[in-house]
Amino acid sequence: QVQLVESGGGLVQAGGSLRLSCAASGRTFGSYGMGWFRQSPGKEREFVAAINWRGDSIYYADSVKGRFLISRDNAKNTVYLQMNSLKPDDTAVYYCAADTDVPFRRSPSPLIREYDSWGQGTQVTVSS
């Protein structure tokens, strides 16, 4: 397992943008996939976006496709989530997660059960 620390959340008006960052510990960051998930009050945690170990395979939830962009910088042990055209429905705690059990997985997984390390979460609030 690795330690993950998210940052970049906050309050933004509808239509605005935020960029989340997730810093990972350890020297093997470049070998495993990363994902972003979110959870709002009263709802189950849901998949947002995922990226494979080298950044050439990416998967988005339909609800964010075309608005959010996931990327990673393996030299900085960091994964990012650029969120544009934000809507009130995007309000949630956002979590990054690492899929370290299967190194060099070709395609990133959207499944919560595939991720073994989680950050503490960062709150994103979008006002209307």
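Each chain has its residues counted from 1, running along the sequence as written. In keeping with the predicted nature of the model, local features appear solely for residues at pLDDT of at least 70, side-chain atom pairs appear and are counted solely at 80 or more, and the whole-chain, interface and lining totals rest on all residues. Water and hydrogen atoms were dropped before computing side-chain values, which therefore reflect all heavy atoms in the structure.

Caption draft 1: Local environment of the overall build of the protein. When helices and strands are counted, the protein shows zero helices and 11 strands. Relative to a compact globule of 128 residues, whose C-alpha radius of gyration would be 14 Å, the protein shows 13 Å and is just as compact. Counting only C-alpha atoms and orienting by the principal axes, one finds that the protein spans roughly 40 × 25 × 25 Å. Think of it in three bands: residues with accessible area under 20% of the maximum for their type are buried, residues over 50% are exposed, and the middle band is partly exposed, with areas taken using a 1.4 Å probe on protein chains only. By residue count, 47% of the 128 residues in the protein fall in the buried class. Any two residues whose heavy atoms approach within 4.5 Å are treated as being in contact. In the protein, the proportion of contacts linking residues at least 24 apart, taken out of those at least 6 apart, comes to 60%. Only the protein chains shown count as cover for residues, with accessible areas throughout obtained via the Shrake-Rupley method and a probe of 1.4 Å. By element, 47% of the accessible surface of the protein is carried by carbon and sulfur atoms, the whole surface being about 6600 Å². Helix numbers and strand numbers start at the N terminus; a helix is a DSSP run of H or I with at least 4 residues, a strand a run of E with at least 2. Each radius of gyration is computed over the set of C-alpha atoms, and the globule rule expresses the reference value as 2.2 Å times the number of residues to the power 0.38.

Caption draft 2: Highlighting unusual backbone geometry. The phi torsion at S85 lies on the positive side, around 50 degrees, for a residue other than glycine. Judged by its relative accessible area of 41%, S85 is partly exposed. Backbone geometry at F104 places phi at a positive 60 degrees, although glycine is not the residue there. Overall, the relative accessible area of 48% leaves F104 in the partly exposed class.

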